[in-house]
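Chain and residue survey
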Amino acid sequence: QVQLVESGGGLAQPGGSLRLSCAASGFTFSSYAMSWARQAPGKGLEWVSGIYSDGIYTHYADSVKGRFTISRDNAKNTVYLQMNSLKPEDTARYSCARAIASVAECDYWGQGTQVTVST
């Protein structure tokens, strides 16, 4: 079955960095686009970034553009989210997802990893 397991979350200071990882299994990873989304307390799900199967084409939400970088290693069945210049408003639970049709349309989600940006 499809499994997506995120790691790398934690506490960071404003201006700091974190790198999230998502290990995928149960499907042909190299054939699918992958995405990251986040949900802050009391708010709805926000799509953050997506990367197509070849790893070349990427997309970002305006709120993270220029600060976050998505990448993937198809040999390791893993997608990453490098987060730099973190802000308190980046505090959320981050989940990776398998995308279908487009990077904003996803069918399987991981459990997520918590990111807290605070002094």
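What comes next is a walk through the structure. Everything numeric in this text was worked out from a predicted model, so none of it was measured.

Residue position: Ala 92 is located in strand β9 (residues 92-100). Classification of Ala 92 as buried rests on a relative accessible area of 1%. The spatial distance from the C-alpha of Ala 92 to the C-alpha of Lys 43 is 9.4 Å, given a sequence separation of 49 residues. With residues up to four places along the chain from it excluded, the contact list for Ala 92 reads Arg 38, Gln 39, Ala 40, Thr 113, Gln 114 and Val 115.

Counting residues in each nonpolar core, the largest one holds 28 residues, and the members touching the most others are Leu 4, Trp 36, Phe 68, Val 79, Leu 81, Met 83 and Tyr 94. Those elements giving two or more residues to this core turn out to be β3 (18-25), β4 (34-39), β5 (45-51), β7 (68-73), β8 (78-83), β9 and β11 (113-117). If one sorts the elements of this core by residue count, β3 sits on top with four residues. Beyond its immediate chain neighbours, meaning those up to four positions away, Met 83 contacts Gly 16, Ser 17, Leu 18, Leu 20, Arg 67, Phe 68, Tyr 94 and Val 115. Formed by five residues, the second largest nonpolar core is a distinct cluster that contains Ala 33, Ala 97, Val 103 and Cys 106.

Let us look at the pattern of salt bridges. Any two side chains of opposite charge can pair, on the condition that their charged atoms come close. On inspection of all chains with the given rule, the structure shows five salt bridges. For Arg 67, the salt bridge goes to Asp 90, with nearest N and O atoms at 2.7 Å. Residue Arg 67 is located in the loop between β6 (58-60) and β7, and its partner Asp 90 is located in the loop between β8 and β9; the two are separated by 23 residues in the primary sequence. Arg 67 sits in the buried class, given a relative accessible area of 10%. Residues participating in the shared-partner salt-bridge network are Arg 38, Glu 46, Arg 67 and Asp 90.

Within the structure shown, the criterion is met by two aromatic pairs. Relative to Phe 29, the ring of Phe 27 lies with its centre 6.3 Å away and its plane at 50°, an arrangement referred to as tilted. Here Phe 27 and Phe 29 have matching classes, each one buried. A ring pair is formed by Phe 27 and Tyr 32, whose centres lie 5.4 Å apart and whose planes are at 90°; its orientation type is edge-to-face. Judged by relative accessible area, Tyr 32 falls into the partly exposed class, the value being 26%. An aromatic cluster is present here, built from Phe 27, Phe 29 and Tyr 32 joined pairwise through their rings. If you follow Arg 19 out to its NZ or CZ, it ends over the ring of Tyr 80, 4.0 Å from the centre. Its guanidinium or amino end placed over the ring of Tyr 32, Arg 98 lies 4.2 Å from that ring's centre, counting from NZ or CZ.

Conventions adopted
Residues numbered from 1 in each chain as written. Predicted model: local features only at pLDDT ≥ 70, side-chain atom pairs only at ≥ 80, totals over all residues. Heavy atoms only, no water. Helix = DSSP H or I, 4+ residues; strand = E, 2+ residues; numbered from the N terminus. Buried < 20%, exposed > 50% of the residue type's maximum accessible area, 1.4 Å probe, protein only. Contact = heavy atoms within 4.5 Å. Core = buried A, V, L, I, M, F, W, Y, C linked by side-chain atoms within 4.5 Å. Salt bridge = Lys/Arg side-chain N within 4 Å of Asp/Glu carboxyl O. Phe/Tyr/Trp six-rings, centres within 6.5 Å; stacked < 30°, edge-to-face > 60°. Lys NZ or Arg CZ within 6 Å of the ring centre and 35° of its normal.

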